[in-house]
Structure formats: structure tokens, C-alpha cells
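Breakdown of the fold
These are the residues of each chain, in order.
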Amino acid sequence: MSNIEIEQAAYIFKLFGDKTRLTMVKMLESHDYCVCEFVAVFKASQPAISQHIRKLKDVGLISETRRGQWIIYSLNKQSEYYPFVQHLLQQIPNQDYLLKELEEQGLRISCD
């Protein structure tokens with residue numbers, strides 16, 4: 001695991017101090033998502049989700065790929081912070097059940 005400066009670690013901890021952002025990053029560990037899926041999972045507004053994404057993107061933890069009219073977000077495994085984040089994420093249970101719950105309720109949104 002690579003070392004990062006204490007200021008950088010403190011900033012990552014601050015980002016992860018928000019339950020929504022921490023959950024988003026854990027979800028991105030196993031799947032890519034679009035904003036509309038996060039909106040459905042967190043029952044939050046699109047602007048609120050976009051703000052969370054922007055903060056994570058600004059530090060380089062997530063990246064985006066355009067697929068047609070959709071922007072798909074993924075965990076940036078090339079980030080200098082990824083080894084640090086990966087170690088933290090290993091301590092948190094999988095969050096895939098959130099998407100499964102949406103599917104079971106017939107509320108899953110697909111951006112394909």
C-alpha cells in the first residue's frame with residue numbers, strides 16, 4: 001500500500017464522513033453507475049447526487065465515461081489514492097443489496 005500525506009488522508013476521511021459518498025464509492029467498487037441509478041438508490045435529487053460525484057471526481061477517486069447520452073461513473077483504480085481507499089473499502093460490507101432492492105420493487109432504472 002502506498003503512503004499518502006496526512007492532509008490527503010484527512011481529506012479522504014472527510015469525503016467518506018458523508019454516508020452517501022462512502023456508500024457510492026463502495027457501490028462503485030463492484031459496478032459502474034449513472035447518476036439516475038444513484039438518484040433512485042439514495043432517493044435524492046439529481047443535483048445533490050451530482051455534487052457528491054463532483055467532490056469524488058475532483059479528488060480523482062471516480063472517473064467518467066460517456067456512453068451515448070449517458071455518463072457512467074466508475075471507481076478510478078489508477079488514482080494515487082486507490083490503494084488507501086481500497087484498504088478502507090475492504091472493511092465495509094458490500095452494498096449491492098441496494099440495487100437489488102430497487103430491482104425487486106420494480107424501480108431499477110437502466111441507462112442503457
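Everything below is about the structure shown above.
Here's a quick rundown of the structure. As the structure is a computational prediction, the values presented were derived from the model and not from experiment.

Comments concerning helix α1 (residues 6-16)
Those residues of α1 that sit buried are A9, I12, L15 and F16. Relative to the axis of α1, the buried residues are bounded by an arc of 120 degrees and lie together on one face. In α1, the exposed positions that point more than 90 degrees away from the buried face belong to I6, E7 and K14. On its buried face, α1 sits against α2 (19-28), α4 (46-58) and α5 (82-89).

Some details on the nonpolar core
I12, F16, F38, I53, L61 and V85 are the most contacted members of the largest nonpolar core, which has 29 residues in total. Elements represented by at least two residues in this core include exactly α1, α2, α3 (35-42), α4, β3 (70-75), α5 and α6 (97-104). Filtering out sequence-adjacent residues up to four positions away, F38 remains in contact with M24, M27, L28, Y33, K43, I49 and I53.

Topic: the packing of α1 against α5
Describing two packed helices takes the angle between their axes plus the distance from one axis to the other. Where α1 contacts α5, the axes come no closer than 11 Å and their chain directions differ by 45 degrees. If you check the angle between α1 and α5, you find them oblique. Crossing angle aside, the handedness with which α1 passes α5 is right-handed. Residue-level inspection shows A9, I12, F13 and F16 of α1 in contact with α5, the latter providing F84, V85 and L88. Within the contact of α1 with α5, the residues separate by chemical class into seven nonpolar, no polar and no charged.

Here's the deal with the environment of F42
When you line up the elements, F42 lands in helix α3. F42 gets classed as partly exposed once you look at its relative accessible area, which sits at 21%. With residues near it in sequence (within four places) discarded, F42 still touches T20, T23, M24, M27 and I49.

Quick look at the sheet that holds β3
Read across the open sheet, the three strands follow the order β1-β3-β2; overall the sheet is antiparallel. Taken across any chain shown, the strands that pair with only one partner, and hence form the sheet edges, are β1 (33-34) and β2 (62-67).

Rules behind the numbers
- Residues numbered from 1 in each chain as written.
- Predicted model: local features only at pLDDT ≥ 70, side-chain atom pairs only at ≥ 80, totals over all residues.
- Heavy atoms only, no water.
- Buried < 20%, exposed > 50% of the residue type's maximum accessible area, 1.4 Å probe, protein only.
- Helix = DSSP H or I, 4+ residues; strand = E, 2+ residues; numbered from the N terminus.
- Arc of directions from axis to C-beta.
- Contact = heavy atoms within 4.5 Å.
- Core = buried A, V, L, I, M, F, W, Y, C linked by side-chain atoms within 4.5 Å.
- Axes fitted to C-alpha atoms, helices over the stretch in contact; angles between N-to-C directions.
- Parallel < 35°, antiparallel > 145°, perpendicular 65-115°, else oblique.
- Left-handed = near helix turned anticlockwise from the far one by under 90°.
- Nonpolar A, V, L, I, M, F, W, Y, C, P; charged D, E, K, R; others polar.
- Pairing = 2+ DSSP bridges.

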